[in-house]
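Read off the chains here:
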Number of protein chains: 2
Amino acid sequence: MIIVKIGGNILDSPERLQAFLADFAQLPGPKLLVHGGGKIASAFGQRLGIEPKMVEGRRITDAETLELVTMVYGGLVNKQVVARLQALYCNAIGLTGADANIIPAHKRPVRTIDYGFAGDVAGPDSINVAALETIIEAGLTPVFAPLTHDTQGSMLNTNADTIASVLATALAPKYKVQLVYCFEKKGVLQDSENDASVIPHINASKYKTLKAEGVVHAGMVPKLDNAFAAMQQGVAQVLICEAEALTSINTGHYSGTTLSMN
Amino acid sequence: MIIVKIGGNILDSPERLQAFLADFAQLPGPKLLVHGGGKIASAFGQRLGIEPKMVEGRRITDAETLELVTMVYGGLVNKQVVARLQALYCNAIGLTGADANIIPAHKRPVRTIDYGFAGDVAGPDSINVAALETIIEAGLTPVFAPLTHDTQGSMLNTNADTIASVLATALAPKYKVQLVYCFEKKGVLQDSENDASVIPHINASKYKTLKAEGVVHAGMVPKLDNAFAAMQQGVAQVLICEAEALTSINTGHYSGTTLSMN
């Protein structure tokens, strides 16, 4: 089972998105896609006069921002991706964490900052795996928008990386799960200024060293922390690569950075 | 199996919507909801500077209007309804016709008017009943937005009444289907100016007479034509009522207008 997360940079380019979806549709076996959409949401937010609210560099999801992301992630981006995958003979079904109650979450508690309608997922045990398995076993390919719900009637805005890793972990007891994070770089870089300096493989002890030495770029730390946490909970492998490298999975000659425990 | 269609007037009122969804969640047995959302789409369209395009009184779905309705119907309205039903212990799953390829459609051919991205459904035989049955048999309650796809990669805007009737007809061989259209009046009125003049029952021959006499209001004719066509193809019964009358289904003392062939 391959779980792929794509971010905004792919969604912003119709040509790159189409090429990526064609590669994704070709992946054999059960698969699942998680997408972001922050840039498209920001662009529509601007047109709607919804100003991005940031506190200490982090986005706050107030009521009108929640409406915006529910529309853009759950509607526009999700359904466009589903329609395009259908045209590529991939039987996609668009979902949020509210649908079939697959990802119940809770509003992030207010400590120093009130993040508004931001949803945190307790962990893989809270995932409704049975419903998700029914969908996968029916031959369908789930496409998840980065949205969850609070089970009290409200949608919540949840980080797409988090959704990808929690679903991967929840499905790990049933499937051999490979988690792929597609992002704007070719992999984890030794030198963040040099795109050719991709580190081909990082295991848990090397990650500890790289983090201690400050080699891993600050923005990458949460992604890699998430990845190693997922592997500790049963995910077989994590690959960090650019979207164009997805087909390398079929050849086994991975392009990008592979992560493993040992 | 009960298939209920709700229109914009309920979606516009948070209190009426909440009361309706509570009633819907209480309906026993398998059920399915189809919603509209035209007024909410128009309001967001105005904020986005997307002018409604009308030709001969009918709405045209150009490219930016398609984006708008995909966001509003497939995202905002659909996921808000799903999240609220989940809070009412109804295990809802939001869908469009693109998801699991349940409702393939085709762009309406251009004759005198180019309706743009308006989707027509060939008929109940084109519905992917197997995928829909899998979802229903898993104990899930499908919630459909009025969107389909062209199987070539594009979403299409499709009338919610049409989606309700084509799904009802497609499911009729498997389930005893009751189709309920909730709208702004208490039922089909003998006198369109008098809300108390609900006609309690109309059969096929009475409908012919009412139509010939011009008693049935022009706006009702497509709805009733659809309803009788669905019954001719196996739907057991059609009820036309206001949203608040939904609970009358549980008592058997229907409030509104029941339609049947004989």
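- The name given to chain A in an unreviewed UniProt entry is Acetylglutamate kinase, with Pontibacter mangrovi as the source organism.
- Quoted verbatim from the Pathway (unreviewed entry) field of UniProt, the annotation for chain A is "Amino-acid biosynthesis; L-arginine biosynthesis; N(2)-acetyl-L-ornithine from L-glutamate: step 2/4."
- According to the UniProt record, the Sequence similarities (unreviewed entry) comment for chain A reads "Belongs to the acetylglutamate kinase family. ArgB subfamily."

**Quick word on the overall build of chain A**
Point 1. Within chain A, the regular secondary structure consists of nine helices and 14 strands.
Point 2. The C-alpha radius of gyration of chain A comes to 18 Å, within 12% of the 18 Å expected for a compact globule of 262 residues.
Point 3. Over its C-alpha atoms, taken along the principal directions, chain A stretches across nearly 45 × 45 × 35 Å.
Point 4. When burial is assessed residue by residue, chain A has 57% of its 262 residues classed as buried.
Point 5. The contacts in chain A between residues at least 6 apart in sequence include a share of 70% that link residues at least 24 apart.
Point 6. Accessible area of chain A: about 10,500 Å², with a carbon and sulfur share of 50%.
Point 7. Placing the 21 positive and 24 negative side-chain charges of chain A at their respective mean positions leaves the two points 2 Å apart.

**Here we look at helix H8 (residues 220-232) of chain B**
Residues and elements named next belong to chain B.
Point 1. For H8, with 13 residues, the first-to-last C-alpha span of 18 Å sits near the 18 Å given by 1.5 Å per residue.
Point 2. Where H8 is concerned, the buried positions are Met-220, Val-221, Lys-223, Leu-224, Ala-227, Phe-228, Ala-230 and Met-231.
Point 3. Downstream of H8 by one or two residues, Gly-234 has phi in the positive range, about 115°.

**Examining the sheet that holds strand S5 (residues 92-95) of chain B**
Residues and elements named next belong to chain B.
Point 1. Read from one edge of the open sheet, eight strands run S5-S8-S2-S1-S11-S13-S14-S12, paired in mixed fashion. In the strand order of this sheet, the two ends are held by S5 and strand S12 (201-203), each with one partner. For this sheet, the mean inter-axis angle between neighbouring strands, taken without regard to orientation, is 20°.
Point 2. Sheet contacts for helix H5 (residues 129-137): strand S2 (31-35), S5 and strand S8 (141-144); angle to S8, the most-contacted strand, approximately 130°.
Point 3. Here helix H7 (residues 204-212) sits on the sheet and contacts S12 and strand S14 (257-260); the angle it forms with S12, its principal contact strand, is near 95°.

**Observations concerning the UniProt feature "site: Transition state stabilizer" (unreviewed entry) in chain A**
All names here are of chain A.
Point 1. Per the UniProt record, "site: Transition state stabilizer" (unreviewed entry) is annotated on Lys-5 and Lys-223. These annotated residues cover 219 residues of sequence, and their C-alpha atoms all fall within 11.4 Å of one another, placing them together at a single site.
Point 2. Its place among the elements puts Lys-5 in strand S1 (residues 2-6).
Point 3. Once residues within four sequence positions are removed from consideration, Lys-5 is found in contact with Val-34, Ala-160, Asp-161, Ala-164, Val-180, Tyr-181, Cys-182 and Lys-223.
Point 4. A polar contact is formed between the side chain of Lys-5 and the side chain of Asp-161, at a distance of 3.0 Å.
Point 5. Checked against the element boundaries, Lys-223 lands in helix H8 (residues 220-232).
Point 6. The class of Lys-223 is buried, set by a relative accessible area of 9%.
Point 7. If sequence neighbours within four positions are ignored, Lys-223 has contacts with Lys-5, Asp-161, Tyr-181, Phe-183 and Ile-240.

**Section: the sheet that holds strand S11 (residues 178-183) of chain A**
All names here are of chain A.
Point 1. The strand order across the open sheet formed by eight strands is S5-S8-S2-S1-S11-S13-S14-S12, and the pairing between neighbours is mixed. Because the sheet does not close on itself, it has two edges, and the strands there are strand S5 (92-95) and strand S12 (201-203). With direction set aside, neighbouring strand axes in the sheet form an average angle of 20°.
Point 2. Where S5 and strand S8 (residues 141-144) come together, four bridges link them in parallel fashion. Bridging across to S8, Ile-93 finds its partner in Pro-142.
Point 3. Against the sheet, helix H6 (residues 160-171) makes contact with S1, strand S2 (31-35), S8 and S11, and its axis sits at roughly 175° relative to S1, the strand it touches most.

**Some remarks on the packing of aromatic side chains**
One pair of aromatic rings is described through two measures. These are the centre distance and the angle between the planes.
Residues and elements named next belong to chain A.
Point 1. Enumeration over the complete set of coordinates arrives at four aromatic pairs over all chains.
Point 2. Ring centres of Tyr-207 and Phe-228 lie 4.9 Å apart, and the angle between their planes is 15°; this geometry places the pair in the stacked category. Here Tyr-207 is found in helix H7 (residues 204-212), whereas its partner Phe-228 is found in helix H8, with 21 residues between them in sequence. The pair formed by Tyr-207 and Phe-228 is uniform in burial state, with each residue classed as buried.
Point 3. One cation-aromatic arrangement involves Lys-107 over Phe-117; the distance from NZ or CZ to the ring centre is 4.3 Å.

**Some points on the side chain of Thr-169 of chain B**
Point 1. Tracing the sequence through the fold places Thr-169 of chain B in helix H6 (residues 160-171).
Point 2. Every residue in contact with Thr-169 of chain B, bar those within four places of it in the chain, is listed here: Pro-124, Ala-230, Gln-233 and Val-235 of chain B.

**A few points about the interface of chain B and chain A**
Point 1. Across the boundary between the two partners, chain B contributes 39 residues, which contact 39 residues of chain A.
Point 2. Across the chain B/chain A interface, buried area totals approximately 3,000 Å², and carbon plus sulfur atoms make up 68% of it.
Point 3. Among the ionic pairs, Lys-79 of chain B bridges to Asp-99 of chain A, the shortest N-O distance being 2.9 Å.
Point 4. The interface formed by chain B and chain A holds 10 residue pairs in polar contact (both at pLDDT 80 or more) in total.
Point 5. Those elements that provide at least two residues to the side of chain B that touches chain A are helix H3 (38-47), helix H4 (63-87), S5 and H5 of chain B.
Point 6. Top element by residues in the side of chain B that touches chain A is H4 of chain B. It accounts for 15 residues.
Point 7. Split by residue class, the side of chain B that touches chain A holds 18 nonpolar, 15 polar and six charged.

What counts, and at which threshold
- Each chain carries its own residue numbering, running from 1 in the direction its sequence is written.
- To read the labels, note that chains go from A and ligands from 1, taken in the order they are written.
- Selection of residues for local features in this predicted model requires a pLDDT of at least 70, selection of side-chain atom pairs for listing and counting requires 80 or more, and totals for whole chains, interfaces and linings are taken over all residues.
- Water and hydrogen atoms were dropped before computing side-chain values, which therefore reflect all heavy atoms in the structure.
- UniProt positions are given in the numbering used here, feature names are shortened, and annotations may be inferred rather than shown by experiment.
- Secondary structure elements are defined from DSSP: runs of H or I of at least 4 residues count as helices, runs of E of at least 2 residues count as strands, and each element is numbered from the N terminus.
- Restricting the calculation to C-alpha atoms gives the radius of gyration, and the globule rule supplies 2.2 Å times the number of residues raised to the power 0.38.
- Partly exposed describes any residue whose relative accessible area lies between the buried limit of under 20% and the exposed limit of over 50%, with all areas from a 1.4 Å probe on protein chains only and scaled to the type maximum.
- Any pair of residues with heavy atoms lying within 4.5 Å of one another is described as a contacting pair.
- Throughout, the Shrake-Rupley method with a 1.4 Å probe supplies accessible areas, and for residues the shown protein chains are the sole cover considered.
- In this tally, Lys and Arg are treated as positive and Asp and Glu as negative; His is ignored, and so are the chain termini.
- Every charge is mapped to an atom, namely NZ of Lys, CZ of Arg, CG of Asp or CD of Glu.
- The length a helix should cover is 1.5 Å for every residue beyond the first.
- One requirement defines pairing of two strands: DSSP has to find at least two bridges between them.
- Fitted lines through C-alpha atoms serve as axes, helices being fitted only where they are in contact, and the angles separating the N-to-C directions of these axes extend from 0 to 180 degrees.
- Counted as a polar contact is a pair of N or O atoms within 3.5 Å, where, for protein atoms, one must be capable of donating a hydrogen and the other of accepting one, and residues adjacent in sequence contribute only when both atoms are in side chains.
- In summary, the pairing rule links any two rings of Phe, Tyr or Trp, Trp by its six-membered ring, whose centres are within 6.5 Å, and it sorts them by plane angle into stacked for under 30 degrees, edge-to-face for over 60 and tilted for everything else.
- We count a charge as sitting over a ring when the NZ of a lysine or the CZ of an arginine lies within 6 Å of the ring centre and within 35 degrees of the ring normal.
- By buried area we mean the combined loss of accessible area, with a 1.4 Å probe, across both parts when two parts are placed together.
- The term salt bridge refers to a pairing of a side-chain nitrogen on Lys or Arg with a carboxyl oxygen on Asp or Glu at a separation within 4 Å.
- All amino acids are sorted into three groups, where Ala, Val, Leu, Ile, Met, Phe, Trp, Tyr, Cys and Pro are nonpolar, Asp, Glu, Lys and Arg are charged, and the leftover types, Gly among them, are polar.

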